[in-house]
Each structure stands twice: as structure tokens, then as C-alpha cells.
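Reading the structure
These are the residues of each chain, in order.
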Protein chains: 4
Amino acid sequence: MAIEQHRDWLVSLRRDLHRRPEPAWREFYTTARIVEELRDLPVDEILIGREMLDSDQRLGVPDDAELDTWFEQAHEYDVDEEVLDQLRGGHTGAMAVLNRGDGPTIGLRVDIDGLPQEESSASDHHPASEGFRSTHDDHMHACGHDGHTAIGLGVIQAIADSDFQGTLKVFFQPAEEIVGGGKAVAEGGHLDDLDAFLAIHLGLDHPTGEIVAGVDGFLAVSHFDAEFTGEPGHAGGHPEQGRNAVQAMATAVQNLYAIPRHNDGATRVNAGKVGGGTASNIIPEAAFIEGEVRGETTELMEYTHEKAINVIESAAEMHECEVSITGGGEAPSARSDEAAVEQVAQAAERTAGVRSIVRRDDLGGSEDATYLMQRVQDHGGVAGFVGIGTDHPGGHHTSTFDVDEDSISIGVEVLTDAIQRLATETQAAD
Amino acid sequence: MAIEQHRDWLVSLRRDLHRRPEPAWREFYTTARIVEELRDLPVDEILIGREMLDSDQRLGVPDDAELDTWFEQAHEYDVDEEVLDQLRGGHTGAMAVLNRGDGPTIGLRVDIDGLPQEESSASDHHPASEGFRSTHDDHMHACGHDGHTAIGLGVIQAIADSDFQGTLKVFFQPAEEIVGGGKAVAEGGHLDDLDAFLAIHLGLDHPTGEIVAGVDGFLAVSHFDAEFTGEPGHAGGHPEQGRNAVQAMATAVQNLYAIPRHNDGATRVNAGKVGGGTASNIIPEAAFIEGEVRGETTELMEYTHEKAINVIESAAEMHECEVSITGGGEAPSARSDEAAVEQVAQAAERTAGVRSIVRRDDLGGSEDATYLMQRVQDHGGVAGFVGIGTDHPGGHHTSTFDVDEDSISIGVEVLTDAIQRLATETQAAD
Amino acid sequence: MAIEQHRDWLVSLRRDLHRRPEPAWREFYTTARIVEELRDLPVDEILIGREMLDSDQRLGVPDDAELDTWFEQAHEYDVDEEVLDQLRGGHTGAMAVLNRGDGPTIGLRVDIDGLPQEESSASDHHPASEGFRSTHDDHMHACGHDGHTAIGLGVIQAIADSDFQGTLKVFFQPAEEIVGGGKAVAEGGHLDDLDAFLAIHLGLDHPTGEIVAGVDGFLAVSHFDAEFTGEPGHAGGHPEQGRNAVQAMATAVQNLYAIPRHNDGATRVNAGKVGGGTASNIIPEAAFIEGEVRGETTELMEYTHEKAINVIESAAEMHECEVSITGGGEAPSARSDEAAVEQVAQAAERTAGVRSIVRRDDLGGSEDATYLMQRVQDHGGVAGFVGIGTDHPGGHHTSTFDVDEDSISIGVEVLTDAIQRLATETQAAD
Amino acid sequence: MAIEQHRDWLVSLRRDLHRRPEPAWREFYTTARIVEELRDLPVDEILIGREMLDSDQRLGVPDDAELDTWFEQAHEYDVDEEVLDQLRGGHTGAMAVLNRGDGPTIGLRVDIDGLPQEESSASDHHPASEGFRSTHDDHMHACGHDGHTAIGLGVIQAIADSDFQGTLKVFFQPAEEIVGGGKAVAEGGHLDDLDAFLAIHLGLDHPTGEIVAGVDGFLAVSHFDAEFTGEPGHAGGHPEQGRNAVQAMATAVQNLYAIPRHNDGATRVNAGKVGGGTASNIIPEAAFIEGEVRGETTELMEYTHEKAINVIESAAEMHECEVSITGGGEAPSARSDEAAVEQVAQAAERTAGVRSIVRRDDLGGSEDATYLMQRVQDHGGVAGFVGIGTDHPGGHHTSTFDVDEDSISIGVEVLTDAIQRLATETQAAD
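Residues numbered from 1 in each chain as written. Chains lettered and ligands numbered in written order. Predicted model: local features only at pLDDT ≥ 70, side-chain atom pairs only at ≥ 80, totals over all residues. Heavy atoms only, no water.

**A word on the domain arrangement of chain A**
How big an interface is tends to be stated in terms of accessible area lost as the parts join. Residue and element names in this part refer to chain A. Convention followed: How far each domain reaches was decided by an automatic or database domain assignment. Should any heavy atoms of two residues lie within 4.5 Å, those residues are counted as being in contact. We define buried area as the total accessible area lost by two parts upon association, computed with a 1.4 Å probe and summed across both. The salt bridge definition used is simple: a Lys or Arg side-chain nitrogen within 4 Å of an Asp or Glu carboxyl oxygen. The classification used treats Ala, Val, Leu, Ile, Met, Phe, Trp, Tyr, Cys and Pro as nonpolar, Asp, Glu, Lys and Arg as charged, and all other residues, Gly among them, as polar.
Along its sequence, chain A is organised into domain 1 (4-218 + 334-429) and domain 2 (222-330). With eleven residues of domain 1 at the contact, the number on the domain 2 side is seven residues. Taken together, the two surfaces of domain 1 and domain 2 that pack against each other cover about 570 Å², and 46% of this comes from carbon and sulfur. Sorting the residues of domain 1 by area buried against domain 2 places Leu59, Val179 and Ser366 first, and these three jointly supply 47% of that buried surface. Across the contact surface, domain 1 and domain 2 share zero salt bridges. Partitioning the side of domain 1 that touches domain 2 into residue classes produces five nonpolar, four polar and two charged.

Structural data, given as C-alpha cells:
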């Protein structure tokens, strides 16, 4: 494919996905669209949903009503119904295999889900002015996974066009935003034969033209859902009869953020979504917190998690409520191998649009690609996480986030070269 | 109408309304159903929505999307479309006028709205076992307004069948639960010529067979909506960049309940409905509190209101958020006139099912019937609020609240007699 | 004694006591000074400390170090050392018996302790401008007990000068401010033979010249001391190693004030004195709350008390601290007998300086005179609590509180007449 | 001096200081004792208090009453009254100058103050079993400054006994625990001619026999005192009249600990000492927080400080209180120069008792030696901070902290050698 044509295809694809962001485990249209693209590519094998991941290991799957709403919406789009039906129940995600003769097996993972964040409609917000702003209320691609998906597809085409020898597996992973999909993909069994593996992320405060050859400093993370149950009552007539679940929740929130910091490294807490009560004149019977804790290491995450559970349980007790706490998504920490960093750096040096290379940088966030990296490393493979700079006007997870579309082609080029180098290197090492 | 038949009609009507509870300003089906019943009664005039109340004085009207959802639901029921169309936009409520020759004008007010409370499906919950449990998710008649509506209609029939001389006006008021409708009805102009006026409530911890001739002790009340706005951010990567609206909200909740009590009398605060944030890994950008304050007097309510506003504004400032506070429903305090209490007590003494009469009792809650009572009293009329005992298994505003249907007929009988007595009394007084 | 001379004596006495306020169970100088005055009066018996109350029933006695500090200070004043030695260990208080032939036994109780409140030194604060401001740092008579004591002594003199027939017992009770002395006096055994009993209070927002014949509405009260124990740690180096007792305390304070109000009547909570920690760079190992709960009835007080205990224990648990909660002073509710109210009202009508009489009024505070009232009532006697109006510039318990000294003589006169009337009445009733 | 004798002298001196710990700016006995020892040493100049530091730059000096209490206590010990009188008013600290011919000027700083922490009396706590437990109630040397002082004196003796050429200045700095003395010493003018400078600390979780040649990772720190002022009131009678300073303080404490973490590095907050109110039945009029914030960089400290001020001010506003916030001690961050690290490491290698050498390690706490290090570095000198391992059973700032006395001699030896090496090095460099 000609470079210009290739670029147009990826930009148009990215914009289509941008228009229809779907959150974790609800990537029905997205997956179907990916499969459609894969069918047009010289791919040897396409695996869908259950075929590529261990469905029992999915974390944070929403309830059926929620899944159905998004499933039905996807049905209204012009996509292959048969593919859609395979995804029913939140079995999203896909994977492509490209066989190019004898040689090492290299993996690439891109994530595909959007976020529950309303998109800006300001005239200086590019997706708004160019007409590809999200059409899904209160949801948007605010973290660039639309671009990741485009890069994944672009790399397949470029590798197919190259003289790469070996096997390439590209994983289109669902549910990264809730760190819910990584474990399931890692346990899916398709990573165990990889000689080398790369995962990617756009942006991360690096400008277009900058490549981070090795992203490290992943925070281990654990999500939790706490449901408080008290007793309702008439707020005017019998304030003494209720057991106020919102008071319990508010006490928990205040004390969650006040969990002591730790000398061994960074920790994080967030009560990211909360709610409770039904009407201003009823003492709130129910309330909830959807939150998360993180740590620079898995131990630090667990330290914070333990404190969080105690805070929540004590807050419930204080207001004579019950509380049920269930776990959500989770991810460990991980570190890019030097061998991967080296090949990416060399590839970046050769790439036209790259103006600066950062050898290693800390993410300071979480990513469940760490599950995949660990899996590959545990099986003797080499793993790395690559940052692809992109000028983004707003921060990640905010309404004005956007991707500089020039960075998509840069990403494709760097990764295509790095994958070939890794194949050559690991071949030589045998 | 024969007593037995009358009773069956009211019970069946009440159960129909119970099945389809509609919250404040969304009583579309309810109003249409009332109008339908009125058309079968020997009524001289029927006023609907805007005709009976001052629409500009409605408090706490929900947004259009919310109104539409309920409006469309009502459309799916078998009701007069023309009536429905008059109600569009939350102009609910109705009023009936019965002219029976020369004589005083007497008013009766019943309220018609339900609550956002899920109904029990336990086998010992009568509406569940008898098959008339709410079919509207998360909503129920948890305060007996279905029974009030039935009583209002029953009284019209009974007065029509009596030798009452004068005019009877029955007000089917919307939005009492959010104290949002009383002011609009009071300002509607149809109360100013009343010589006497009664409002009613079932239950209030009084058993079937007990009548409270004069309910007093209404708490003045004021609702408020606080919307906190901060800034989102990546909870893992940049905890320092957000401005956390949920922290502001939680701090406000904790301190709202801690507003100092007052020596002059009872005060109340409730953060009845709260929420905030979008996902566990995003620092919450927005949060809200729908709350209320009450006081034994209007001054005590205002004392608490002022403190509440200060708490909310300071909590926002503490977490560098903005907050916008808007008012919702409101109601003053009021007191039943002795003349009304006396006639109701005498009527109760004559009524077969009445086993005990409480002359006066304190409500300890709020009611926007107080607007109507004040309006009548200000124009020289006599006003009273009548409690009609009913055995209710669960408390008001809880999932197991129910009405003993025997109390409906008792209520009709007591009120019918009381209205005739008030007519005779006020006539004599002229 | 001539009226003018009598007045001068009481004012000068009151000012002397005002200069040397002593808090609960530390009224060493105060008691010794009272005994000195009693020895100059025609009194038949003087009982001191242990002789007049049941020492084992004292509530809220401070620790030895604290008692010693005040004891030693009293030693530096010019008082009878022998009397002082009887008081050592916090066995304060005194009682006088006046036998005037056959007749009923009438009791009068005045309280004698000061408060830990710094006194105003403003030039418009009468004690400051007249030179009798408190000389005890951070302590003052901010509730008029100096005036009460003067009234008690004045009544003895006046009754001795009258033709009263019977026995008068005047109780100078310690530790009212912490509701710590009432129970011990009630259990002391000297109330059981009383035919009638009066207790008094100056002020209570009533002006000079106004008498409240029966004060009611005493809030039941219970004090508590909570001691939180965590673990210290280096706040900079190891924030994760401590268990922060100040966080536990602050969480408790916030939630104590937020205990739900009760529909049955007034409740109160106060975290009146708190503290914790040792230095800004050490994680606080210890913290405390000295607080109280009150209720319009004993049940309401107990409702609030139970909630408070749960809040405190849960707050400790939330921050992994231990907590030990001990009880302090306590008092029940009580009501003045109509017979006492009647005699006081009649006496007030006859008193020159009285310009207005309130038959009954609610205190809205607490008083452990209720223990004495209950004791007398339980033994068949008549009990009443009398309010003696006094213009007070600042509120009770604030730095600018002061007593209009004219009200002292009015109090003496009303009580002297009321005691004689009660003697006559109860005599007649036998 | 023979090694054995030298050791006994230092241990006995350290134990004497351990018995009489004095907190910041109250090191009256300690300073006098140091001066006494210096007079027995071959020292050329002794500077006391004001002579060695800029008194106007002292931070966190306590009030006069507090200073007097400790000053009078010191007077009761057997020390030179004339020296003591120089220290009156909190002008503590001393400095020794040793001139040994031409050569570079080298500085050593040791800190001398104790902590407000009660010392353990457990039988396995060495100072308790050996009879040198603190005799000052609620205070102890819980951070090893008694050992630091001994080392400082030991080094003077050892350098005097060596063939060192140049000038040695040893600074016995007060008020390190409140980071209150460093700035004053730095501004005292005696550091500006130093060619090299070392500061030291015992312990820091390193065992006896381990030397940290360069301690880094000092957290910048800033102390603050917040005084809340509300209005008192009778907690039972008029809960609405007070403005509750303890509620303001508790709200501030909860939200201080909940200040968002920062992605750029570690931050700390501690509300280390708090208090408020006077009695359980008075609404608290006053309350305070003595706290601190820290950051891995000065910017991070300032970020946290700004948030803390906003939290405190908003909490005051929320409860209608005033608040006055004053600054206390402060210290910047700093980093050991490689040249200093190198010489210390070489010295450690030659020292008999040293079993392991850590070249650089992070403190994770704060130290106002950073002021001195910065001053020296700004004037072209070389600065380093040396960790001297010591087995300590309890953590720093806890009741069971103790120093392994063997580490004192090790420290003396390493430092003496390092000082000589630094002299030679800097001489050579000229």
C-alpha cells in the first residue's frame, strides 16, 4: 500500500472508531469493525473474543442490562451480525496471526476501549470541528485507544509488505481502562510461544516525534466496588429511624484519601465514582463507591488496598450499615527488558518523523499490559512497552484529549522496524 | 352508589394507581386517570394542570429529558391522549368543582405523586402478594398518595349523593413529595373564595380507626441542589492535576449533618441523593447533592439553610471546586384552626369505623399543604389538616409501606360528614 | 441584719468568690470560705465534704496531680487549714442545718463551682472595671455560682431572722458544671427527710426582676472521656508505620456532631475538649475527646450516647487505634412540682424588686439538681427549681458573663418567703 | 587519650545527656554541659548561642513561659550559671574551633536536641535497665542526638590528637527536630569559609558497622501553626450560639491528610499536635493544629503547603471561625557532593568496625543540615551527609528507640579519618 493511502486509511479508521467509543467489555462495534478490517488484510488467522482470551479471567465485567444496552446499539450499526453474536455477553476483543515462514514469533498488543467521559464540543477541539466527535453520550476515546487500534492494523499491513520472517500476533485487547482485560488475554494461552512482545501507548505527555523506547514505572492497581446498605426513613419525621448509607459513604471517601502515604514509594487512592440515596426527603438506604488503589510495587498497592478495606468497613459500622466489597480489575507492575528497549531505540533512530528518543521513562499510571509482559517474560521471551509521543491538547482522561494523527504513521513505522529487528535479534540469539 | 360498590371502586382505583406510581411533576398517567374518573362523576367543572395552578410557581420541576421519559411511558397506557397533551412539560394535577346550590365554598386537597423508592417484593408485602406491586422500576407509592387520590374521588361521589348545600372544590395536587406543588396551587387563585379547607394524610403512625382531627407541627422545609465542578485527571498518573468534586461533596455531606442543633426547636438536614465521578481511574470532575433542611418554624429552617449553604460553599473552596446551589421545593409551617378541628372531631365521633379520636397531634414532617392552609387563612377562611389512621407495616418512605384499604372508606365518611358540618357552621357564622 | 448591710455583705462575698473561681471538685478555697461564713451565722450544724455527700458517688473527679495543684493554691490563701485538710482529695462542698423548733424540714441547694473559661478583661466588663476579675488563669465564674453561693448564705441569715418554724438545710453543692456532684449529694442521705426542696439558678436569659417559679425542660446528660491509642512514627521517614490517633479523633468528632437528630425531642452532642499528638514531626500516638451527650428525656440521651460510643469505636478501628471510653458526670431529667411552683409564685408576687413572674419555663440545658429533686420526690417531698432573673451582658459560659448584683437580694427575699410558705403549706397538709 | 578511655568518656557523656533530654531551643543543660566538656578539650575558641548563630533566624522558638520552665529546671542541675545566663531566652547551641596550623577549614555539624516523646520503661529497653532512662517527663532522646553530641566531642579530641593541618569547626546545633535551628546556624556566618563540611546521623535503619557515605533524599519541610478562633456557648442550652473551633479543626485534619498525592514525587502531611476546647459542656471557642508538610523537592513541599493552607482556611470558614496560620521551622532539600562521599567511603574502608559501606542512600525524612550544606556549597565548599549505622530496637521517634553505643566510636573514627582526607584533598585541589 502506498504511504499516503496507508495514512489516509488509518486516519479515517481512527476517526470512525473515535465517533463510536465503547467502554470496557462493551467494545461490540469496535471489535466487529476490527474484524472487518482484518478480513481485508493478508492475515492467516483471526480469533474473536472467547477464542483469544480466557473468558473466566475477565475482570470488572458489567451487568447484563448494561451489556445489552451497548450490544443493541452496536446492532444498529452496519456490521457483521455473526461476528456480533460471538461477542454477546461481553466477550469482546480480537487477535490476528500473520505467518511469514520460519522464524521467531513476535507479539504486539493494542487496546481498544473508550472511557465514560463526555467529549468537548468546543470549536477548537479537533474532533468537534472536523466532525468526528463522539456520538455516544458521555463517552469518548479520551486516552487514544482509537489511535492504538489503527496502529495495530497498520503494523499488520506494513509487516505483510515487508520481508519479515516469522510469525506476528497482534492482540486487540478489550477493557484496558478498567484493567480488566489484561489478565484474561495473558491466560488465553496465545502469548506463551512469543520470543518478543511489545505493547504501546500514545501520548503520555510526550510530543509528536518523540519515542520512549522503554516505558517503566507502571503502578500496580486494584479496583473495588463497595455497596453500602442501611435503612431508609422519613428524613423529616423520623431522622432517628434510618441508617444513613450516604453518611457511611462520605466518611469512607474522606478517610480513603487520607490513607497514610508509604516511604517505600508512590501510592494512589481514588473514589472515582460514588452515589447514593433516592430523594432529598428520604434517608439514603444505599450508596456505593467505585474506587481503586495503586502502588509503585504490588506490595504498596496491597498495603493501600488493605487500609482501604478497613476504612470502608469501619465507615459502614460507624453508621450501622452493611457493606459488601467486591474486587474489580487488577494489574501488577512490570519492567521493559533492555533487549526490547535497544531494538525500539534503534528503530526509532531510523524513522523519519522521530525527532527525539527517550530511552526509558516512568509511566506513573497503570496498565494491564503488565500481565502480558510478565507472561512473556515468565516464558523466556523479551518484553517492552513503547511510548509514541503525540501532541495532545488536553490531558489523558479529560474532555479535550485528542491525538495528533501524524503520530499514528510514526508509530506504525517505528513498530514495524522494531518488530523486524526483534525477529532478527531473537533468531540470532538462538 | 351502594356502600359496598363504592368501596370496591375505590380499592380497585387505588390499586391501579399503586401499580403505576409517578414522581413529582411526572404524574401524567395519574392525572389522566383522575380526569377519566371525574368524567364519570356528577362534577360541574374539571380543571387540568395549568388551569388549576400557577405554572410559574412550580418548584423542583425536573429537566425535559426526565419529563419526556415519563410522558412517553404514560402514552403507552390506555388514556385520553388529549388530556395527556395538556400535561406535557410537567403541567400535571387536576381539580373538580361540584356546585350544589347556594352555600359556602369548601375545599379539599389530596396529593397524588409517588416516590423514587423500590417496592418490596416480599411475599408478606400485600401489594406484592395481591399482584398490584409497582410496575415502575425503583418507584412506588410509599406514602399513601394512591389512597389519598381514591379518598378525594370518593368524597366527591359521597357529597354528590348527600344534601350538601354549597360548592365543593377538590384539588388533586401534584409534587407534594418534593414540596414543589403546594405553592403553585396556592397561587392558582382557586382557594381565595374558600370558607373552609381540609387537607389529609393517611397513616402517620396512627392505626386504622384512629382520626387526628388536627395535625400540627409541620416542619418548614427547603430543598436544594448543589452541583460541584472540579477538574478531571488521571488518578494514577496525575493525582495532583485534578480538582476532586467528590472530595468536596463528601466533606460537605459530613459537615451538613453536623450543623449545630438549635435551642428554639427541631431542625433537620438530609443529603438525600448524592453522586459524582465517572470511573474509578478518573479524578471526579463533577458531583452533586440533592438535599433539604427543615425547621420547626420557618426561622429555624432558615437558620439551618444558611449554615448549609456556607458548609457547601466552603467544602467546594476547600477542594478548589466551583459549586452552584439552586433551590428546590419549599413549604412554610402552619396550624389547624380550632373550628376545623372541632367539626372533624364531631364527624369522626359519628363515623362507624372510628375507634379513637386524637384532637391534635404533631406531624414532625413537612407538607406543602401548609401553603394552601396559609392562603385560605389569609383570606379569612378556616383550615385544617386531618390525619386518617391506617395500619402500615413499614414506615413512610420505605419499601414495605402499605395502606390498610379499610381506612379509605373511613376517610371518605369522616371527610364527607366534616365537609357538610363545615358548610353548615360557616353558613351559620355569616 | 439591716437590709443595706445584708446586701453589702453578700455583694462583697460574691466578689471575693468571683476573684477565685475553682472548677469541679477543686472548690477548696470556696468551701473553706463558705464554712468560715457559716461559723459567723446562727447555724446549728455544719457538715463538710464527706459528711454531706457520698464520696464514692462523685463523678468526674480529676486526677491527683490536678487536685493537688488547686489544693496547694488554696493553701496560699488565708483560710482555716483544718477545714482545708478535710477537703483534700476533692472532698469539697458543705451543708448547714438551722433548727427552729418543730415543723417541716425544707431544703435549699446552691452550687459553688466555676468554669475553665478565661474571663474578659474588657473595660466594659464589670468585674474587670471594678477590680474583682478572676485571678485564676483561664478560669472564671461564668455561670453565676458565686451569686448562688451568696444567695444560699443570705437565705440562712434571713430565715434565722424570721419566724420560720421547722428545719432548714442548705446544701452548697460542688461540681455542678460537670454534673458530677448531684448524684453524690443525693446519695448522701440528708435529703430523705425533706418535706420540700428548692434549687435555684440566676440568669438563664431572664432579666433582673423576673422570677421563673418553676424551671423545667432539663436535658438529661452524660459525659464521656475517650482515649485513643495508636502508634507513633516518623512523619517524614515512615508515614506508613504509625497508627494515627489524631485521625481517629478527628473522624470521631466529625461524626459525633452528625449523629441523627431524633423525632421524640431535643438531643445534643459536644466534643468539648480534645487533643492529641506531641510534635509536628511525629505521627500522633495518642488523642482524646472529653464530650457529652444530652437528651430531652433520659431515653433520648441514651439514644445519643449509644450512637456516640459506636462512632468513637468505629473511628478508632478505622485508623487501627485502640480506644478506651470512660463515663463522667451524669444527670437525669426532672420536673418541678406544681405545689412548689405555686408557693414560689406567691412569694415572688410579694417581693418588692420583682417585676414579672414566669410560672414555668424550659431550661434547655442540664443540671444535676435533678438528682436531688428526684430523690426528694421519691421520698414523698415536693421539689421545685427556681429561676432568678439577672441582667447578664454575655451568655452563660462565655467570657463576658456577669451577674447583676441587685438580683442577689431579690433572690434571697423570694426564697426566704417561699421557704416559709412551703413550711406552712406542708405543715397544713399533714 | 587511650581508645578505651576515650570510649568510656563518650558513653558516659552520652548517657548523661540521655537522662536529661531537652527539646528544641530549650537545650539549656545540654549546651552548658557541652561547653563544660569543650573547656576540658584542647580547643582554641568556644562560641555560645548568639555568638554562633543568627538569633533572628531561629524558627519555632516556644513562648517565654515554656522557655522559662526548662531554663529553671536546668538551673537546678550542677552547671556553670554564667554559661546558662548566656542561653536565656532560647539562645542555645555552641561551637568549637580548633586551629592546627595552615590548611583548609573543615566543618562538622552535630545536633543536640531531644523530643517530646515518653521513653519506654520496659525491662528490655537498655536505658531503662541500665539506669539512664530519661528523667524528664514525656521527653526523650528518641533520635540519637545524645550520641551525635558525643561523636562531635569525640572527633575534636581525636583530631587534636592527630596530625591534621588546618582548622576544624564543630557546630553543636540546637532545634533540629523542629527544623528550627539550621537556618540560624547557616546565617551565623561561620560556615562561609569552609572548604568542606560534614553532617551526620546515627541509625536510619542501618545496622552497627554500616556507613552510608552520602545520605540524600532529604524531604523539604515546612512547619505551620494554625490557631482557630470561634465563639463559646452553652453546649446544652444554646448549641446554635457558638462557633465551634474544634469542628473546624477536625474538618481540617481530615482534609489535610487527604491532600492529593503528586506524580513528581513523595509528599507528606502531618497534623502532629492538635487540641481545642475547655470543658465538655462548653462549645469550643479555640483549637489549634501544629503540623508540617514535606516534599521530595522544595516545589513538592510548596505544592502541599499551598493546599494545606487552603484546607485550613476553608475549614475555618465552614464553621464560621477565624484562623491564623503562622510558619514554624523549615528546611530545603540538598544533595551530598561526590567529593565528600568519596572521602567518607575511603575512610570507612579503613575503619576497623565497619563491615559494610553504602555509597549513597535516601533519607526519606527531613533535616535542616540542608541549610548548612547549601550554604557551604553556595560558597564553593564541598558538603556531605554521613549515615552511621547503629542497631536500634525501636524506630526513630518512638519510645523504644536506642543507640548501640559501639557505633559512637565507629562514628568518631570514620569522621576523624574523613576530615583529614578532606583537608588533604581540598588542599591539593587549590
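Still more ground to cover, so stick around.
**Describing the packing of aromatic side chains**
Any pair of aromatic rings gets described here by the distance separating the centres and the angle formed by the planes. Threshold: Aromatic pairs are defined between Phe, Tyr and Trp rings, using the six-membered ring for Trp, whenever the two ring centres lie within 6.5 Å; interplanar angles under 30 degrees are classed as stacked, those over 60 as edge-to-face, and all others as tilted. Under the scheme used here, helices are H or I runs from DSSP no shorter than 4 residues and strands are E runs no shorter than 2 residues, and both carry numbers assigned from the N terminus. Working definition: with a 1.4 Å probe on protein chains only, accessible area under 20% of the residue-type maximum means buried, over 50% means exposed, and in between means partly exposed. In this scheme, the term charge over a ring applies when either NZ of a lysine or CZ of an arginine sits within 6 Å of the ring centre and within 35 degrees of the ring normal.
In this structure the tally under the stated criterion is twelve aromatic pairs over all chains. When the ring of A:Tyr29 is compared with that of A:Tyr77, the centres are 5.2 Å apart and the planes differ by 70°; the resulting orientation is edge-to-face. Of this pair, A:Tyr29 sits in helix H2 (residues 28-40) while A:Tyr77 sits in the loop between helix H3 (64-75) and helix H4 (81-87); the two residues are 48 residues apart in sequence, bridging distant segments of the chain. A relative accessible area of 16% means that A:Tyr77 is categorised as buried. When the centroid spacing of 5.1 Å and the interplanar angle of 85° are considered together, the rings of C:Phe28 and C:Phe71 count as edge-to-face. Taken together, the residues C:Phe28 in helix H2 (residues 28-40) and C:Phe71 in helix H3 (residues 64-75) connect sequence positions 43 residues apart. One exposure class covers both C:Phe28 and C:Phe71, and it is buried. Positioned above the aromatic ring of A:Tyr77, the side-chain terminus of A:Arg20 is 3.7 Å from the ring centre. If you follow B:Arg20 out to its NZ or CZ, it ends over the ring of B:Tyr29, 4.7 Å from the centre.

**Details of the sheet that holds strand E3 (residues 105-111) of chain A**
All names here are of chain A. Note the cut-off: When DSSP locates at least two bridges between a pair of strands, those strands are taken to pair. Under this scheme, a helix contributes an axis fitted over its contacting stretch, all axes are lines through C-alpha atoms, and angles between N-to-C directions fall in the 0 to 180 degree range.
Taking strand neighbours across the sheet as the criterion, the eight strands line up as E1-E2-E4-E3-E5-E12-E6-E11 in an open arrangement whose pairing is mixed. This sheet does not close on itself; its edge strands, each paired only once, are strand E1 (45-48) and strand E11 (356-362). Ignoring which end each strand starts from, the neighbouring axes of this sheet average 20° apart. Pairing of strand E2 (residues 94-100) with strand E4 (residues 166-173), which is carried by seven bridges, proceeds in the antiparallel orientation. In the sheet register, Arg100 faces E4, and the bridge partner there is Gly166. Sitting on the sheet, helix H6 (residues 145-161) is in contact with E2, E3, E4, strand E5 (196-202) and strand E12 (382-388), with an inclination near 165° to E4. Along the sheet, helix H11 (residues 369-378) makes contact with E3, E4, E5 and E12, crossing E12 at roughly 150°.

**Regarding the sheet that holds strand E5 (residues 196-202) of chain B**
Residues and elements named next belong to chain B. The strand order E1-E2-E4-E3-E5-E12-E6-E11 describes an open sheet built from eight strands, whose pairing is mixed. Strand pairing shows two members of the sheet lacking a second neighbour, strand E1 (45-48) and strand E11 (356-362), which therefore form its edges. Across the sheet, the axes of successive neighbouring strands diverge by a mean angle of 20°, strand direction being ignored. Taken together, the four bridges between E1 and strand E2 (residues 94-100) define a ladder with antiparallel strand orientation. From the neighbouring strand, Leu47 faces E2, where its bridge partner is Met95. Contacts from helix H2 (residues 28-40) reach E1, E2 and strand E4 (166-173), with the element oriented near 170° to E1.

**Details of the interface of chain C and chain D**
For clarity, the cut-off: Pairing of N or O atoms within 3.5 Å defines a polar contact, subject to two protein rules: one partner must be a possible hydrogen donor and the other a possible acceptor, and residues neighboring in sequence count only if both atoms are side-chain atoms.
Contact with chain C, which involves 50 residues of that partner, is made by 50 residues of chain D. Taken over both partners, the interface formed by chain C and chain D buries close to 3,900 Å², and the fraction arising from carbon and sulfur atoms is 52%. Its largest share of buried area at the contact with chain D, chain C owes to C:Gln254, C:Ser280 and C:His397, together 14% of the area lost on that side. Taken together, chain C and chain D are joined by 22 residue pairs in polar contact (both at pLDDT 80 or more). The set of elements that each furnish at least two residues to the side of chain C that touches chain D consists of helix H8 (245-256), strand E8 (267-277) and strand E9 (286-295) of chain C. The element best represented in the side of chain C that touches chain D is E8(C), accounting for nine residues. Split by residue class, the side of chain C that touches chain D holds 17 nonpolar, 25 polar and eight charged.

**A short note on the pairing of strand E5 (residues 196-202) of chain D**
One face of the sheet, then the other: side chains in a regular strand alternate in exactly this way. Residue and element names in this part refer to chain D. The buried fraction of E5 is high, at seven of seven residues. Burial along E5 is two-sided: the face carrying Ala196, Leu198, Ile200 and Leu202 and the face carrying Phe197, Ala199 and His201 are both buried. Here strand E3 (residues 105-111) pairs with E5 via four bridges, running parallel. Bridge pairing in E5 places Leu108 opposite Leu198. In terms of strand pairing, E5 meets strand E12 (residues 382-388) through seven bridges, oriented parallel. Following the sheet pairing, Ile200 is matched in E12 by Val386.

**Focus on the relation of the copies chain A and chain C**
Condition: A residue counts toward the fit only if its pLDDT is at least 70 in both copies, and the copies are then superposed by least squares on the C-alpha atoms of those residues.
Its rotation angle being 180°, the transformation that places chain A on chain C also includes 0.1 Å of axial translation and leaves an RMSD of 0.1 Å. Each copy turns onto its partner about a two-fold axis. Taking the C-alpha atom as reference, chain A places A:Ser314 closest to the rotation axis, 2.7 Å from it. Most of the interface of chain A is mirrored in chain C, where 100% of its interface residues are also at the interface.

**Here's the deal with the relation of the copies chain C and chain D**
For the pair chain C and chain D, the relating rotation is 180°, the translation along its axis is 0.0 Å, and the fit reaches an RMSD of 0.1 Å. The residues that chain C uses at the interface reappear at the interface of chain D in 100% of cases, marking a shared surface.

**Side note on the side chain of A:His396**
By secondary structure assignment, the location of A:His396 is in the loop between E12 and helix H12 (406-429). Within the structure, A:His396 has its side chain in polar contact with the backbone nitrogen of A:Leu204 (distance 2.8 Å). If sequence neighbours within four positions are ignored, A:His396 has contacts with A:Ala142, A:Cys143, A:His201, A:Leu202, A:Gly203, A:Leu204, A:Asp205, A:Phe401 and B:His234.

**Focus on H11(A)**
Listed as buried for H11(A) are A:Ala369, A:Thr370, A:Tyr371, A:Leu372, A:Met373 and A:Val376. A:Gly380 sits one or two positions beyond H11(A) and adopts a positive phi of about 90°.

**A look at the environment of B:Ala65**
With respect to the element layout, B:Ala65 can be found in helix H3 (residues 64-75). Distance in space between the C-alpha atoms of B:Ala65 and B:Gly89 is 10.0 Å, their sequence separation being 24 residues.

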